[in-house]
Amino acid sequence: MKYGNFDDTNREYVIDRPDTPAPWVNYLGSPEYGAIISNNAGGYSFARSGANGRILRYIFNSFDQPGRYIYIRDDDSRDYWSASWQPVGKDLNNYKSKCCHGMGYTRMTAGYDGISSEALYYVPLGKSYEVWGLTVTNDSAHVRNLTLSGYAEFTNHGNYEQDQVNLQYSLFITRTLFKQNQIIQQIHGNLDALPEDETVDEKNVTERFFGLAGACVSSYCGDREQFLGRYHGYGNPQGILSGDLGNMTSYNENSCGALSCSITLAPGETKTIAFLLGTGGFTESSVLLDGYADPEEMIKQELQELKKYWYEKFDHLKVNTPSSEFNTMINTWNAYNCFMTFIWSRAASFIYCGLRNGYGYRDTVQDIQGIIHLAPEMAAEKIRFMLSAQVSNGGGLPLVKFTHNPGHEDTPDDASYRQDTGHPAYRADDALWLFPTVYKYIAETGNLEFLNETIPFADKEKASVYEHLKRAVAFSLAHLGPHGMPAGLYADWNDCLRLGADGESSFVAMQFYYAMTVLKQFAKCRNDAEYVKYLEEKQEETGAAIQKLCWDQDRFIRGYTEAGERIGAAGDPEANLWLNPQSWAVISGLAGAEQAETALTNVYEQLNTEYGALLMNPPYHTDAFDGALAVIYNQGTKENSGIFSQSQGWLVLAEALCGHGERAFTYFMENAPAAWNDQAELRRLEPYCYGQFTEGNASEHQGRSHVHWLTGTASTMMVGCVEGILGLRPDLNGITLSPAIPKDWTCLEIEKDFRGKHLHILIENPNGREAGCEKLMLNGNEMTSNYIPASFLTDTNEIRLIL
Ligand code: GLC
């Protein structure tokens, strides 16, 4: 079943069937002021923290309510509907609706009974409030008297849990006032006699506002129960039924902001108004509302700004391939998804309630990779931040607090850190993610100077980026297991794999092997010959250990437990083949060519499904070892033999590195949200964003996907597609072009900005190949290989590669 389409020209996903199998959402603003909105206007807003700064209430895990509701009432017929299909939910035979999720905005258009409406929701660029613009047009032949009402359900307390469960407290600290064109909510309003900088029990007055611009308020309501009416719901609120909100405020009840205005429209006439919502009191909000005195003009301008902001970023890489799914993902949706994971981390979605009080180290360092080719300096800023969360012993802080204070943080070695964050120990992989990320940034920009920047460590001291990386290697070397591979510590990438502090993970060992390849290159550039030699030795030892201990007939095993048990060996009754060690054996450069072929073929034959490759198989059930935490999940789910989407990106990359264009693209398509657009009921999640996992074949619901938007998949898939399938591989001195594509792609075109220069790349495939380079032309000159030194590039470059 299909619920919508990609409008690539306008970079919008257009939902024309609103009864989607799940709320399909968009992200507005940033965590400074964040708003999540579904195609039926469900969702919530917060300032700074999803858990502690919650402004709009949303009931998780329910039926996508409440939301940013706008009601339209015909005052003559007394019929009413909403600007989004829900919450009123008119019969879809009479009610025409469209929801367009765009870059930083969502637009709902509706047509009902001769009235058309357009609600545009957005957070103005860099601002910390939200706008709900509403334009209503009378398409009928007679004059229409309408009441337009906006409804925002405030939380009674910024903390999500306090608001939801500590009612004996949170109901009695909130009240609303009405002034002029606004409902002002006050939390702890009784503290208004306190000087601004004083608190009682760390509390002071907090204010939020919901205001109307472009029309006069005809009635208002600040009390949820009054607005809805007992035994009514969002679909038939008493205040809308009656056409009069009753002019009530709230005191010791649930607060809300509801504002109505009455308008009269002649045939063909149009009217635009705007509701504004944010934090702050009457003085601040009045200034903001004054800015929307001509709402139409202001909204137009602000929408333009948002589009410009996003389009400029996406324009740094544009592809035109024979696959519309690939094009839409790379040019728009995967890119946008990458920025959302980069900016929002795992802060807030309809699954993440915002309770994580910091950035996961590994997640964040990986998220950065997805935007390096589009916004390298934004990436560098975050890399600096993450380096400042590296402990001076070289390990990463598993969780970097939102209040992170470089140089002054406690670490997993301190009881206080463990208590604060719930992270009991270092993880083996955290700091190792820095290597591919820093390398990609330097290769993209050529900015080797970055290695000299001084950055503090999390706990004490500061050092150059180069030294930070050396310490990460030292950390792994200081924590080797009994076989000489990096010890498992608390966990590796897989949250559900506890090999024991002295267990050993092949995945981490491969990451470590790769880290040394990267660092060797940096060391060579710096003529740090002694260190190069040291790394060569260590890398050889690590490589030899992995080969000797982890290769088992036709696969790399997953590792060793502390007790010396082999995990993921061919003869194991459960979990005898794991995906990540096979793909990472290739990505890390460790696997020999034959090994790579064998391991990847094995994956294709044993782990692949219609929806992607299983993380491991068979699932754990009766034979789980002590640290096999995955067994807590149903079979075919998440780490227990689910199709873990993040790993699909690595698989795409590994296949492409081996020149297997067909398989790389097959894996891309199996997992690509856009590729499931016509069967969206199966996947359930938005067809324009990745999810954390898809249920595997051990589940009755194979193909159903979960945990939308905020997933490491966005960045691994982006890297898999750009470096892998498109084969754009910058290094320290230039760029290799090594596409790996389906045989039937005869031609593709890429526009890429690279180190201040523009590349127009035409890839021709006259012989139906899936990889290779017959000939590479740069500005009319034939190159000797598929490599272009950066020094050969002019401002604009015509590049032609024949496969
Ligand atoms: C989740 C976690 C991530 C972890 C992955 C695999 O996506 O956010 O940190 O690596 O699961 O367990």
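Model, not experiment: these values are computed from the prediction.

About the thresholds
- Residues numbered from 1 in each chain as written.
- Predicted model: local features only at pLDDT ≥ 70, side-chain atom pairs only at ≥ 80, totals over all residues.
- Heavy atoms only, no water.
- UniProt positions renumbered as here; feature names shortened; annotations may be inferred.
- Helix = DSSP H or I, 4+ residues; strand = E, 2+ residues; numbered from the N terminus.
- Pairing = 2+ DSSP bridges.
- Axes fitted to C-alpha atoms, helices over the stretch in contact; angles between N-to-C directions.
- Near = heavy atom within 4 Å.
- Polar contact = N/O pair within 3.5 Å; in protein donor to acceptor, adjacent residues only side chain to side chain.
- Areas by Shrake-Rupley, 256 points an atom, 1.4 Å probe, with all protein chains shown as cover.
- Nonpolar A, V, L, I, M, F, W, Y, C, P; charged D, E, K, R; others polar.
- Salt bridge = Lys/Arg side-chain N within 4 Å of Asp/Glu carboxyl O.
- Buried < 20%, exposed > 50% of the residue type's maximum accessible area, 1.4 Å probe, protein only.
- Parallel < 35°, antiparallel > 145°, perpendicular 65-115°, else oblique.
- Contact = heavy atoms within 4.5 Å.
- Patch = residues over 30% accessible without salt bridge, like charges linked within 9 Å, V, L, I, M, F, W, Y side chains within 5 Å.
- Lys, Arg positive; Asp, Glu negative; His and termini not counted.
- Charge placed at Lys NZ, Arg CZ, Asp CG, Glu CD.
- Core = buried A, V, L, I, M, F, W, Y, C linked by side-chain atoms within 4.5 Å.

## Focus on the UniProt feature "domain: Glycosyl hydrolase 94 supersandwich" (unreviewed entry) in the protein
So, point 1. Summarizing the sequence annotation, UniProt attributes the feature "domain: Glycosyl hydrolase 94 supersandwich" (unreviewed entry) to residues 11-281 in the numbering used throughout.
So, point 2. Taken end to end, residues 11-281 comprises 7% helix and 42% strand; its first and last C-alpha atoms sit 36 Å apart.

## Observations concerning the sheet that holds strand 7 (residues 80-82)
So, point 1. What the five strands build is an open sheet, ordered 7-6-12-17-16; its pairing is antiparallel. Two strands close off the open sheet at either side, each with one partner strand: strand 7 and strand 16 (219-223). Neighbour to neighbour, the strand axes of the sheet diverge by 20 degrees on average, direction disregarded.
So, point 2. The pairing of strand 6 (residues 69-74) with strand 7 spans three bridges and is antiparallel. Residue tyrosine 71 lies in a different strand from strand 7, and its bridge partner there is serine 82.

## So, the sheet that holds strand 4 (residues 33-38)
So, point 1. Taken in spatial order, the three strands make up an open sheet running 3-4-5, and their pairing is antiparallel. Because the sheet does not close on itself, it has two edges, and the strands there are strand 3 (25-30) and strand 5 (45-47). Taken pair by pair, the neighbouring strands of this sheet meet at an average axis angle of 10 degrees, ignoring direction.
So, point 2. Of the strand pairs in this sheet, strand 3 and strand 4 are connected by six bridges, and their pairing is antiparallel. Bridge pairing links glycine 29 to glycine 34 in strand 4.

## Some remarks on the site of the ligand
So, point 1. Around the ligand sit Arg356, Arg362, Asp363, Trp493, Asn494, Asp495, Glu639, Phe644 and Gln692, and that is every residue in its neighbourhood.
So, point 2. Note that an oxygen atom of the ligand is positioned 2.9 Å from one of the backbone N or O atoms of aspartate 495.
So, point 3. Measuring from an oxygen atom of the ligand, one finds a side-chain N or O atom of glutamate 639 at 2.5 Å.
So, point 4. Within the complex, 92% of the 300 Å² of free accessible area of the ligand lies under protein.
So, point 5. Here the residues of the shell around the ligand sort into two nonpolar, two polar and five charged.

## Overview of the pattern of salt bridges
So, point 1. Summed over all chains, the structure comprises 41 salt bridges.
So, point 2. Ionic pairing is found between aspartate 19 and arginine 17, a salt bridge with its closest N-O pair at 2.8 Å.
So, point 3. Assessed through its relative accessible area of 29%, aspartate 19 is described here as partly exposed.
So, point 4. Exposure remark for arginine 17: the relative accessible area of 30% places this residue in the partly exposed category.

## Notes on the packing of helix 13 (residues 506-525) against helix 15 (residues 579-587)
So, point 1. Closest axis-to-axis distance for the helix 13/helix 15 pair is 9 Å, and the angle between their directions is 10 degrees. With respect to helix 15, the element helix 13 is oriented roughly parallel. In this structure, helix 13 uses Ser506, Phe507, Met510, Gln511 and Tyr514 to contact helix 15, whose residues at the interface are Asn580, Pro581, Trp584, Ala585 and Ile587.
So, point 2. For the contact of helix 13 with helix 15, a count of residues per class yields seven nonpolar, three polar and no charged.

## Points about the pairing of strand 6
So, point 1. Counting buried positions along strand 6 gives six out of six residues, so the element sits mostly inside the fold.
So, point 2. Because side chains alternate across strand 6, one face comprises the buried residues Tyr69, Tyr71 and Arg73, and the other comprises Ile70, Ile72 and Asp74, equally buried.
So, point 3. Linking strand 6 back to strand 7 in an antiparallel pair, the connection comprises five residues, with arginine 78 at a positive phi of about 65 degrees.

## Some remarks on unusual backbone geometry
So, point 1. For the peptide bond that leads from glutamine 65 to proline 66, omega is -15 degrees, which places it in the cis range.
So, point 2. Assignment of secondary structure puts proline 66 in the loop between strand 5 and strand 6.
So, point 3. Backbone torsion omega between asparagine 617 and proline 618 reads -15 degrees, so that peptide bond is classified as cis.
So, point 4. Mapped onto the elements, proline 618 comes out in the loop between strand 32 (616-617) and strand 33 (643-644).
So, point 5. A positive phi angle, close to 60 degrees, is found at asparagine 252, a residue other than glycine.
So, point 6. Mapped onto the secondary structure, asparagine 252 falls in the loop between helix 4 (238-241) and strand 17 (255-265).
So, point 7. The backbone of lysine 638 shows a phi angle near 45 degrees, a positive value even though the residue is not glycine.
So, point 8. Note on placement: lysine 638 falls in the loop between strand 32 and strand 33.

## Observations regarding a negative patch on the surface
So, point 1. A grouping of Glu196, Asp197, Glu198 and Glu284 is seen on the molecular surface, where their side chains present a negatively charged patch.
So, point 2. Checked against the element boundaries, glutamate 284 lands in helix 5 (residues 282-290).

## Structural notes on the pairing of strand 34 (residues 691-694)
So, point 1. Sheet topology note: the strand 33/strand 34 ladder contains two bridges and is antiparallel. Paired with isoleucine 643 across the bridge in strand 34 is threonine 694.
So, point 2. When strand 34 meets strand 35 (residues 705-708), the two strands line up antiparallel, connected through three bridges. Residue pairing for strand 35: threonine 694 is matched across the bridge by serine 705.

## As for the UniProt feature "domain: Glycosyl hydrolase 94 catalytic" (unreviewed entry) in the protein
So, point 1. Look at the UniProt record and you will see "domain: Glycosyl hydrolase 94 catalytic" (unreviewed entry) annotated at residues 309-727.
So, point 2. Across residues 309-727, the secondary structure splits into 45% helix and 11% strand, with the terminal C-alpha atoms separated by 27 Å.

## Topic: the side chain of glutamine 692
So, point 1. Here glutamine 692 is to be found in strand 34.
So, point 2. On the accessibility criterion, glutamine 692 (13% relative accessible area) is buried.
So, point 3. Side chain to side chain, glutamine 692 and lysine 638 meet in a polar contact 3.1 Å long.
So, point 4. Setting aside anything within four residues of it in sequence, one finds glutamine 692 in contact with Tyr352, Lys638, Ile643, Phe644, Ser645, Gln646, His706, Val707, Thr711 and Thr713.

## Regarding the nonpolar core
So, point 1. Grouped together as the largest cluster of nonpolar side chains are 226 residues, with contacts concentrated most on Phe227, Phe326, Phe522, Phe668 and Ile725.
So, point 2. Ranked by residues supplied to this core, first place goes to helix 13 with 13 residues.
So, point 3. The residues touching isoleucine 725, leaving out its near neighbours within four places in the chain, are Phe326, Val652, Ala656, Ala664, Phe665, Phe668, Gly720, Pro739, Ala740, Ile741 and Trp745.
So, point 4. Formed by 15 residues, the second largest nonpolar core is a distinct cluster that contains Leu120, Tyr122, Ala274 and Leu303.

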